[in-house]
Amino acid sequence: MFGLPRSTEIKKPLPKKAIFDRFKPRPDERKLFDEQINRLVIVAEISPQTLAVAASPDVSAIYLILVSLKTPECDKKNIALLSRFIDQRMLFVLQYEDTVRLAVYRTERVLVSESKPLHEWKLNLRGLDLGAIWKNIIAEIGGIDLTEGKSLDETIIANERRERLAKQIAALEKIAMNEKQPRRKWELVEEVKRLKNEMEEITNG
């Protein structure tokens, strides 16, 4: 799977009932999880035991978790829930029918890749140790350029802020376009300008 060496392949089911019994999620968390997720299986382990790669102080192994979905979308709350319950570095393979997206949990945020057919995915393990490999995997999924000088976590937070500002700007522009009162329209336009300036400051760092 994903072009990884055969030595990394495993097949270890993670029964939903066992997860529920052990970690006891709230009823609403369990309901959402059960509605969207069919089953979970650990399909690969990237570690010094399975690959010629050194561990790092903060990463001793990376696990690929195949998440078979009942629905086209998987709420990020489900990924966050699993990541909080299981203290491991996990790369989630979200599969619905023949398409797959990858997801990771970092800095209390869930990053999700684009959707592609399963056979088109190839995981590039770049880095001198597992810590570097893990950061590069996260960067690839999040579309993050690590050559710009900012840390991975700083970039994730900045990207999230930009996305939030973009949604605010689009919503305000739509309201301003339909606003009849000149004073209110002017206020909305000024607020859009302020948000655009804020976005530019975040982008230019």
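Per-chain numbering applies: the sequence of each chain, read as written, is numbered from 1 onward. Under the rules for a predicted model, residues below a pLDDT of 70 receive no local features and side-chain atom pairs below 80 are neither given nor counted, while totals for whole chains, interfaces and linings still include all residues. Computation of side-chain values covers all heavy atoms of the structure but excludes hydrogens and water.

Q: Go over the overall build of the protein chain with me, naming the residues and quoting the values.
A: For the protein chain, the count of helices and strands is 6 helices and 7 strands. Once the C-alpha set of the protein chain is aligned to its principal axes, its extents read approximately 65 × 40 × 30 Å. The rule is simple: take the accessible area with a 1.4 Å probe, protein chains only, and divide by the maximum for that residue type; under 20% is buried, over 50% is exposed, in between is partly exposed. Taken over 205 residues, the protein chain has a buried fraction of 40%. Considering only intrachain contacts with a sequence separation of at least 6, the fraction spanning at least 24 residues in the protein chain is 62%. Positive residues here are Lys and Arg, negative ones are Asp and Glu, while His and the chain termini are left out of the count. Charge coordinates come from a single atom per side chain, which is NZ of Lys, CZ of Arg, CG of Asp or CD of Glu. Mean positive and mean negative side-chain charge positions of the protein chain (36 and 32 charges, respectively) differ by 4 Å. Starting at the N terminus, helices and strands are each numbered in turn, a helix being any DSSP run of H or I of at least four residues and a strand any DSSP run of E of at least two. In this analysis, two residues are considered to be in contact whenever any of their non-hydrogen atoms come within 4.5 Å of each other.

Q: Account for the environment of Y96, with residues named and values stated.
A: The residue Y96 is located in strand β4 (residues 89-96) in this model. By relative accessible area, Y96 is classed as partly exposed at 24%. In sequence terms Y96 and F2 are 94 residues apart; their C-alpha atoms lie 16 Å from each other. When residues no more than four places from it in sequence are discounted, the contact partners of Y96 are L69, K70, T71 and P72.

Q: Please provide a residue-by-residue account of the pairing of strand β6 (residues 109-112), values included.
A: One requirement defines pairing of two strands: DSSP has to find at least two bridges between them. One ladder, built from 4 bridges, connects strand β5 (residues 99-106) with β6; its direction is antiparallel. Bridging across to β6, Y105 finds its partner in V110. If you look at the hairpin formed by β5 and β6, you'll find 2 residues sitting between the two strands, and T107 has a positive phi there, around 50 degrees.

Q: Give me the environment of F23: which residues, what numbers.
A: Structurally, F23 is set in helix α1 (residues 16-23). The sequence separation of F23 and P182 amounts to 159 residues, and the corresponding C-alpha distance is 56 Å. In contact with F23, other than residues within four places in its own chain, are F85 and I86.

Q: Got a sec to walk through the pairing of β5? Specific residues and values, please.
A: With 6 of its 8 residues buried, β5 lies for the most part within the structure. Two strands pair when backbone bridges link them, and β4 and β5 are joined in this way by 5 bridges, in the antiparallel orientation. The residue bridging L94 from the neighbouring strand is R101, located in β5. Counted between consecutive antiparallel strands, the loop separating β4 from β5 contains 2 residues, among which E97 sits at a positive phi close to 55 degrees. Pairing of β5 with strand β7 (residues 116-117), which is carried by 2 bridges, proceeds in the antiparallel orientation. What sits directly across from T99, in β7, is P117.

Q: Residue-level account of the side chain of R106, with values.
A: Within the element layout of this structure, R106 appears in strand β5. The contacts of R106, once residues within four sequence positions are left out, are W134, K135, I138, L152, D153 and I156.

Q: Describe the nonpolar core, and please don't skip the residues or the numbers.
A: Nine residue types can take part in a nonpolar core, namely buried Ala, Val, Leu, Ile, Met, Phe, Trp, Tyr and Cys, and a core is a set of them joined through side-chain atoms within 4.5 Å. The biggest cluster of nonpolar side chains holds 29 residues, and the ones touching the most others in it are F2, I62, L64, L91, L102 and L123. At the level of secondary structure, the elements contributing two or more residues to this core comprise β2 (37-46), β3 (62-69), β4, β5, α4 (130-142) and α5 (152-178). The dominant element in this core, judged by the number of residues it contributes, is α4, at 7 residues. Sequence-distant contacts of I62, defined by excluding residues within four places in its chain, comprise A44, E45, I46, R89, L130, I133, W134 and I137.

Q: So what's going on with the packing of helix α2 (residues 27-36) against helix α3 (residues 76-85)? Which residues, and what values?
A: Packed helix pairs are characterised by how far apart their axes lie and by the angle those axes make with each other. Two numbers describe how α2 lies on α3: the axes approach to 10 Å, and their chain directions differ by 115 degrees. With respect to each other, α2 and α3 are oriented roughly perpendicular. Two packed elements cross with a definite hand, and for α2 against α3 that hand is left-handed. Across from E29, L32, F33 and Q36 in α2, the residues of α3 making contact are K77, N78, L81, L82 and R84. Under this grouping Gly is polar, as are all residues other than the nonpolar Ala, Val, Leu, Ile, Met, Phe, Trp, Tyr, Cys and Pro and the charged Asp, Glu, Lys and Arg. When its residues are assigned to classes, the contact of α2 with α3 shows 4 nonpolar, 2 polar and 3 charged. Lines fitted to C-alpha atoms define the axes, with helix axes restricted to the stretch in contact, and inter-axis angles between N-to-C directions lie between 0 and 180 degrees. Should an angle fall under 35 degrees it is called roughly parallel, over 145 degrees roughly antiparallel, and 65 to 115 degrees roughly perpendicular, with every other angle called oblique. Two helices crossing with the near one rotated counterclockwise from the far one by less than a right angle form a left-handed crossing, whereas a clockwise rotation gives a right-handed crossing.

Q: Before we move on, can you summarise the packing of α5 against helix α6 (residues 182-204) with the specific residues and values?
A: Two numbers describe how α5 lies on α6: the axes approach to 9 Å, and their chain directions differ by 160 degrees. As summarised for this structure, α5 and α6 are arranged roughly antiparallel, according to the angle between their axes. Classified by chirality, the crossing of α6 by α5 is left-handed. Between α5, through A158, R161, R162, L165, A166, Q168, I169, L172, E173, I175, A176 and M177, and α6, the contact on the second element is made entirely by K185, L188, E191, V192, L195, K196, E198, M199, I202 and T203. Looking at the contact of α5 with α6, its residues break down into 13 nonpolar, 2 polar and 7 charged.

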